[in-house]
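If you want the building blocks of each chain, they are given just below.
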Amino acid sequence: MRRYRFGRIAALVAVAYVAGVGVVVFADWITVAGVVVPVEPPHLMELGPWARWVLLPVAVLQGWALWQVLRGPVLGGAARVGWPGGAAGWLRVALYASVAHTLLLHLWPPDDVEWPIWTGALVRLAVVGLYVPVLAASLPRWARLGTLVAGIAAVAADLGYGPADTPIWLLWAVPVLVGQARDPRWSRGTVWTGAIFAAAWLLRPTSFAIRFPRELDPGLLFEVAVVALGALGAVWEARSAHELTRPAETAPRPAGARPRMAGARPGAVRRPSFPLPLAAVAVALPLVPVAVNLAHGVPRAIGPRGAVADLLRISDRASLAWYALDLLLGVGAPALLVLAAVARRTRTTVRVTAVALLGCAALVAVSALTLPPATLGGTGPDLAPGPDPAALPPLWHAAALTAAALLLLALQAGTPRRHTLLAATAAALALCFLPTADLAPGKVTTAEDCARAPRTSERAYLCAIRVNATLDVAAGTPDHVLLARGRRLCAVHARQDPAELARLRSEEGVDPEGLPWVIDDICPSAHAAVVAAETAEEVEYEQSQAEERRKCDAAPRHRPLITPAKAVRVKEPQWPDGSLGLFEAVDDSFDPLSQGVFSKALANGLVAGGRGHLVILTHSDAHACVTLETYARRPPVETGGWEHVVEVGYDSPAGDLRLRDDLSGIVLPDLSLRGRPGHYRVRVHFAWLPWNGGRYGTQRLLVMAYPGDGDDVRTYRAPTP
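All of the points below concern the structure found in this document. These figures come from a predicted structure and were not determined experimentally.

### Focus on the overall build of the protein chain
Counting secondary structure elements, the protein chain contains 25 helices and eleven strands. The buried share among the 721 residues of the protein chain stands at 44%. Taking contacts inside the protein chain between residues at least 6 apart in sequence as the whole, the part at least 24 apart equals 74%.

### Overview of the nonpolar core
Counting 29 residues, the largest nonpolar core has Y131, W169 and W172 as its most contacted members. Taken together, the elements giving at least two residues each to this core come down to α4 (86-107), α5 (114-134), α6 (141-158), α7 (168-182), α8 (188-203) and α10 (232-242). Here the element with the most residues in this core is α7; it accounts for seven residues. Non-local contacts of Y131, meaning those with residues more than four positions away in its chain, are made with L91, L95, W172, V176, Q180, W186 and S240. Counting residues in hydrophobic clusters, the runner-up holds 28 residues, among them A622, A624, L657 and Y680.

### Some words on the packing of aromatic side chains
Enumeration according to the criterion identifies four aromatic pairs in this entry. Ring centres 5.9 Å apart and planes at 70° place the aromatic pair Y131 and W172 in the edge-to-face group. Pair noted here: Y131 is in helix α5 and W172 is in helix α7, with a separation of 41 residues, a long-range link. This pair shows no difference in class: Y131 is buried, exactly as W172 is. Ring centres of Y131 and W186 lie 6.3 Å apart, and the angle between their planes is 40°; this geometry places the pair in the tilted category. With Y131 in helix α5 and W186 in the loop between α7 and α8, this pair connects stretches of sequence that are 55 residues apart.

### Remarks on the side chain of T346
Looking at the element boundaries, T346 is found in the loop between α15 (333-344) and α16 (347-369). Within the structure, the side chain of T346 is placed 2.6 Å from the side chain of T349, a separation counted as a polar contact.

### Structural notes on the pattern of salt bridges
Counting across every chain of the model gives 16 salt bridges. Among the ionic pairs, R487 bridges to E458, the shortest N-O distance being 2.8 Å. Within this pair, whereas R487 is found in helix α21 (residues 479-495), its partner E458 is found in helix α20 (residues 457-468), the two being separated by 29 residues in sequence. Between R714 and D712 there is a salt bridge, with the nearest N and O atoms lying 2.7 Å from each other. What you see here is one network of salt bridges that share partners, running through E647, R681, R683, D712 and R714.

### Looking at the pairing of strand β6 (residues 644-652)
Buried residues dominate β6, accounting for eight of its nine residues. In this sheet, strand β9 (residues 678-691) lies alongside β6 in antiparallel orientation, the contact comprising nine bridges. Bridge pairing in β9 places V646 opposite V684. Inspection of the sheet shows β6 paired to strand β11 (residues 714-717) by three bridges, in the antiparallel sense. Within β11, the residue paired with E647 across the bridge is R714.

### Digging into the sheet that holds β11
Strand pairing in a sheet relies on backbone hydrogen bonds, with the paired strands running either antiparallel or parallel. The six strands are arranged β1-β5-β10-β9-β6-β11 in an open sheet whose pairing can be described as mixed. The two strands at the open ends of the sheet, each matched to only one other strand, are β1 (566-569) and β11. Recorded for the sheet is a direction-independent mean angle of 20° between the axes of neighbouring strands. Where helix α24 (residues 524-554) meets the sheet, its contacts fall on β1, β5 (624-630), β9 and β10 (694-707), and the angle it forms with β9 comes to roughly 110°.

### Things to note about the state of the cysteines
For the structure shown, the criterion picks out three disulfides. Across the disulfide from C490 sits C523; the S-S distance is 2.1 Å. Disulfide C490-C523: the torsion about the S-S bond is 75°, which places it as right-handed. Here C523 lies in the loop between α23 (515-519) and α24 and C490 lies in helix α21, a separation of 33 residues in the sequence. Judged by relative accessible area, C490 falls into the buried class, the value being 14%. Exposure remark for C523: the relative accessible area of 1% places this residue in the buried category. C552 shares a disulfide with C625; S-S distance 2.0 Å.

Definitions and cut-offs
- Residues numbered from 1 in each chain as written.
- Predicted model: local features only at pLDDT ≥ 70, side-chain atom pairs only at ≥ 80, totals over all residues.
- Heavy atoms only, no water.
- Helix = DSSP H or I, 4+ residues; strand = E, 2+ residues; numbered from the N terminus.
- Buried < 20%, exposed > 50% of the residue type's maximum accessible area, 1.4 Å probe, protein only.
- Contact = heavy atoms within 4.5 Å.
- Core = buried A, V, L, I, M, F, W, Y, C linked by side-chain atoms within 4.5 Å.
- Phe/Tyr/Trp six-rings, centres within 6.5 Å; stacked < 30°, edge-to-face > 60°.
- Polar contact = N/O pair within 3.5 Å; in protein donor to acceptor, adjacent residues only side chain to side chain.
- Salt bridge = Lys/Arg side-chain N within 4 Å of Asp/Glu carboxyl O.
- Pairing = 2+ DSSP bridges.
- Axes fitted to C-alpha atoms, helices over the stretch in contact; angles between N-to-C directions.
- Disulfide = S-S within 2.5 Å.

Structure (structure tokens):
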């Protein structure tokens with residue numbers, strides 16, 4: 001068992017930290033949350049009852065990080081480098097200073113934010129500069145110069161002298177990790193710790209604010225995990241400093257590391273040449289779905305949708321990385337990896353390539369299987385305007401990558417027997433060329449097809465989806481897939497199982513109440529439901545209209561005091577959308593709308609007129625019973641039984657006084673005196689007709705028009721406030 005210089009003290013501190021958090025988290029978890037997962041301000045977090053079970057694992061991870069940081073180097077073993085130890089000794093000092101700076105800022109955040117930034121920048125510059133001579137034996141000169149430039153640029157960006165929140169730091173960290181992996185002083189655990197921290201740094205949220213809802217949210221857990229993995233940065237620096245005590249010439253590989261072969265790196269022994277036909281198949285497999293997609297103008301494998309993309313939306317950098325990976329898969333970049341592995345034929349190259357292919361295949365498969373069912377027919381990232389037509393299902397890419405990886409591993413393992421090769425090749429080709437189940441290609445009815453032929457039965461259902469988008473599906477989804485889905489929805493509708501209908505809404509985004517109108521052309525039960533609903537709606541409408549007619553029939557009839565030239569009691573109740581208007585074109589040099597007639601009508605609350613334009617205000621939530629009367633001379637004023645009476649002037653350029661409401665489709669009879677153009681006076685009477693004990697049953701309108709001069713507004717009766 002290994003012993004460390006401060007191992008027992010470090011273990012006690014780590015246990016005390018975890019135990020303290022575990023005790024306090026059940027009493028005052030808001031305060032603890034601000035320390036364990038630093039979020040500002042802590043009191044704004046909406047923590048549910050399960051929040052403590054999220055904070056405890058994070059505290060355990062941080063306790064382990066404290067133990068790793070405080071335990072010091074391993075005791076015993078090879079000779080140690082004495083102080084100061086040259087560049088390696090000074091790098092240890094800089095790394096320990098960086099770790100101490102990080103811990104102090106985490107546990108005791110200062111009020112002044114200026115000095116921590118500058119002190120941290122100086123420490124980081126020291127680390128960046130000292131890594132250059134320390135890695136001289138494991139990195140070429142150009143790589144070390146690149147890390148120096150990238151490290152200085154990253155520090156400058158943090159100080160505000162460059163583009164902030166960019167992955168410049170990775171351009172420094174990745175070569176350093178490569179150099180540590182090649183240097184025998186550092187263990188693989190240290191290198192992997194730094195790699196995991198770099199990945200978490202890339203995925204960290206751009207703007208982070210934890211909110212703990214009452215239900216467990218996988219995306220939220222991913223955010224917490226990414227932030228918690230930030231503690232690995234201090235672990236990486238501390239372990240790097242601990243292990244610098246060994247001299248580079250005599251430092252042995254850590255326990256469990258594979259011995260190097262004389263004159264060659266581990267895994268550098270090449271296999272004999274791979275069989276050319278199988279090697280060509282391995283390279284071509286990832287290109288098969290790519291070629292089909294590119295032929296249809298789709299340079300992506302799946303697009304940023306599905307569970308993986310949802311998790312990565314916590315950060316702009318993570319979303320951009322996913323989009324870049326998707327484009328690389330969509331243009332056939334994996335084929336280049338396979339080609340490199342086939343060319344080198346070393347164990348390490350083949351295994352790394354196979355792991356990369358299988359990892360990409362897993363990401364694509366998870367994304368494809370978590371897409372909504374309606375979008376499985378194509379791709380289309382959020383950065384694009386819409387779904388991409390005629391794209392292969394994403395699972396084809398996953399199958400092609402998996403087949404290429406398995407074939408590479410089989411070739412590296414040795415020359416298989418002929419029947420094994422044939423079986424593996426046939427299975428790989430089948431995975432890519434044989435469509436599965438409902439994803440087989442087929443006829444796609446287009447909007448142009450729907451315009452050329454009548455829509456009946458199945459064609460009507462398909463055309464409703466293609467033209468009216470009654471279902472959210474990709475444009476390239478074949479007809480037989482849509483028909484199969486429609487029949488499945490028909491079975492769901494016929495069963496009327498509440499749980500099944502609820503799943504239909506939550507998992508597929510289909511509204512069960514609107515479902516019959518989507519599938520009624522191919523589903524008897526849905527058609528019956530639609531007919532019943534339309535019949536009920538028609539009956540309800542007829543009953544409503546009959547009720548409105550009864551209201552107008554019950555309204556008092558107007559008895560003119562003098563004989564009008566013509567009088568019309570509009571038979572049907574009208575339902576204007578807020579107003580009735582007159583509009584007559586005057587000439588090209590005059591716009592009737594420029595008079596502000598509508599604003600003037602709002603001023604007196606009923607009517608206003610001008611040259612070629614008149615507006616009568618109504619209430620849009622009630623029908624109106626309308627009577628129109630035209631006189632050859634001025635009629636007597638009547639206010640009895642009316643709530644509001646206003647008279648205005650109107651100049652008719654064409655003698656066409658037809659009140660209308662284009663929104664409601666209302667056109668009333670002509671009010672002019674035998675088509676006479678010229679100046680009129682229009683008097684409007686308004687009142688509410690009570691109905692069934694209600695104050696506002698329906699509206700009554702009496703409109704009188706007669707030839708007369710004057711544009712003044714005369715209010716004979718104003719409504720009671």
